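Listed below are the residues making up each chain.
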Amino acid sequence: MANISPSRRIRRTMFSEGVEAAGVSAYTVYNHMLLPTVFKSVQEDYHHLKEAVQVWDVACERQVELRGPDAAKLMQMLTPRDLRGMLPGRCFYVPIVDETGGMLNDPVAVKLAEDRWWISIADSDLMLWVKGIANGYRLDVLIDEPDVSPLAVQGPKADELVARVFGDSVRDVRFFRFGMFDFEGRSMAVARSGYSKQGGFEIYVDGTDKGMPLWNALMEAGRDLDVRAGCPNGIERVEGGLLSYGNDMTDDNTPHECGLGRFCDTQTAIGCIGRDALLRVAKEGPTKQVRAIDIQGAPVPGCDRAWDIEVGGKRVGQVTSAAYSPDFKTNVAIGMVRMTHWDDGTQVRVHTTDGVRDAVVRESFWA
Ligand code: THG
């Protein structure tokens with residue numbers, strides 16, 4: 001593939017200097033911002049992530065901040081997940097839907113206070129929708145994208161590393177909660193979360209000036225832990241069944257099709273803009289849904305377009321992410337499969353860019 005020409009539209013991050021010094025070898029663009037995808041190789045990065053600890057520049061997980069008396073009301077308008085029981089200090093994975101129940105984003109909502117929220121967005125221009133809703137409904141809330149950039153620390157040694165920099169009490173932060181911790185006199189939200197199944201934290205770095213100092217402090221403190229710069233890993237996240245907005249789902253899909261029904265409380269999410277549409281589809285249930293797909297044979301090529309899933313000449317779905325897994329010794333994939341073929345063990349054929357492969361639909365993911 002040819003290179004992408006850098007320009008101001010493809011925003012650098014407050015950690016780009018560190019990423020470059022660490023020898024990044026490939027990027028993607030996410031929320032109009034650089035997101036590293038490879039350092040040594042996807043496979044080497046994968047093994048290291050599962051064995052040690054990595055520091056990830058995930059600044060591209062931009063924050064849409066809601067601030068003001070109507071912040072909580074607006075947040076509930078955006079999602080079918082019931083937010084009434086959500087206390088400050090909690091993070092919720094929330095489907096965001098439009099008036100048809102179509103997925104607009106699948107962010108992590110961070111509740112800082114009743115009147116202050118961050119929506120840590122996946123790759124779509126969600127702020128435009130949020131501003132449109134707030135203005136259309138004349139809500140008393142300010143919306144912007146603050147200078148806050150997540151830095152993830154992921155891997156089995158993440159607890160040890162983050163404790164060395166923020167103190168031992170960070171170990172007590174529970175999954176999808178955050179606490180405020182000091183770094184060089186700056187208070188930062190540190191959450192136990194991240195886009196891997198290896199465990200770890202995300203530090204929401206508020207203000208550009210502390211970005212590289214924190215990056216360097218983590219690299220320094222983790223020398224004997226073999227800390228390295230890393231990034232969301234295309235193999236590990238498919239093994240773990242972590243969905244990627246724009247790849248595994250789009251605004252054509254409902255949360256139920258995406259397997260995100262467990263994050264919907266459509267009956268009680270009063271005020272959610274997509275509620276009526278979702279109540280209608282939830283009654284019947286989806287006719288296609290996200291599944292794990294085990295693609296047989298040699299390592300598949302990169303999945304940069306949807307691959308048809310076919311049985312007896314009929315299209316029954318599509319694969320949207322795929323990678324060879326060294327640990328599972330097969331090609332792991334994520335796809336959307338029609339009801340007639342979504343049962344565990346169903347044999348299908350996948351039309352990869354390289355040719356047709358036998359594959360098996362799986363009910364659950366590998367990790
Ligand atoms: N962290 C933060 N912001 C993000 C992401 C993140 N924004 C973009 C993108 N990732 C949003 N998508 C996801 C997808 C999955 C998860 C988080 C964000 C995730 N899911 C867990 C799972 O499915 O096992 C846990 C969900 C739960 O139980 O609540 O972590 O990674 N800040």
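What counts, and at which threshold
Every chain is numbered independently, its residues counted from 1 as its sequence is written. With pLDDT at 70 or above as the cut-off, local features in this predicted model cover only qualifying residues; side-chain atom pairs require 80 or more to be listed or tallied, and sums for whole chains, interfaces and linings still use all residues. The side-chain values count all of the structure's non-hydrogen atoms but skip hydrogen atoms and water molecules. Cavities and pockets are found on a 1 Å grid laid over the protein atoms alone: a cavity is a set of points where a 1.4 Å probe fits but cannot escape, a pocket is an open set with protein on both sides within 12 Å along at least five of seven lines, and a lining residue has an atom within 4 Å of such a point. Grid points are joined across faces, edges and corners, and a volume is the space filled by probe spheres set on the points. The numbering of helices and of strands both runs from the N terminus, where a helix is a DSSP run of H or I of at least 4 residues and a strand a run of E of at least 2. Following the grouping adopted for this structure description, the nonpolar residues are Ala, Val, Leu, Ile, Met, Phe, Trp, Tyr, Cys and Pro, the charged ones are Asp, Glu, Lys and Arg, and the polar ones are all others, Gly among them. Any two residues having at least one pair of non-hydrogen atoms within 4.5 Å are treated as being in contact. Here the term buried applies to any residue with accessible area under 20% of the maximum for its type, exposed to any over 50%, and partly exposed to those in between, with areas from a 1.4 Å probe on protein chains only. Note on pairing: two strands pair once DSSP finds at least 2 bridges between them. What counts as a salt bridge is simple: a side-chain nitrogen of Lys or Arg found within 4 Å of a carboxyl oxygen of Asp or Glu.

**As for the layout of surface pockets**
Considering only enclosed or pocket space, the second largest pocket measures out at about 200 Å³ in volume. Lining the second largest pocket are 15 residues, with Asn253, Lys288, Arg315, Gln318 and Met336 positioned closest to its centre. Of all elements in the fold, only β18 (314–325) and β19 (330–338) reach the threshold of two or more residues within the lining of the second largest pocket. A breakdown of the residues in the lining of the second largest pocket according to their chemical character gives 4 nonpolar, 7 polar and 4 charged.

**Considering the environment of Val148**
Relative to the helices and strands, Val148 resides in strand β11 (residues 148–154). In this structure, the C-alpha to C-alpha distance between Val148 and Thr208, residues 60 residues apart in sequence, is 7.8 Å. Every residue in contact with Val148, bar those within four places of it in the chain, is listed here: Arg62, Gln63, Trp118, Tyr204, Val205 and Asp206.

**Quick word on the pairing of β19**
Buried residues dominate β19, accounting for 8 of its 9 residues. Pairing of strand β16 (residues 288–295) with β19, which is carried by 8 bridges, proceeds in the antiparallel orientation. By the bridge assignment for β19, Asp294 is matched with Val332. As defined by bridge partners, β18 adjoins β19 across 8 bridges and the pair is classed as antiparallel.

**A closer look at the pattern of salt bridges**
Taken as a whole and assessed by the stated rule, the structure comprises 25 salt bridges. For Glu114, the salt bridge identified is with Lys111, shortest N-O distance 2.9 Å. The salt bridge partner of Arg305 is Asp304, with a shortest N-O separation of 3.0 Å. The class for Asp304 is exposed, based on a relative accessible area of 58%. Each of the salt bridges in this network shares a partner with another, and the network as a whole consists of Glu160, Arg164, Asp168, Arg171 and Asp224.

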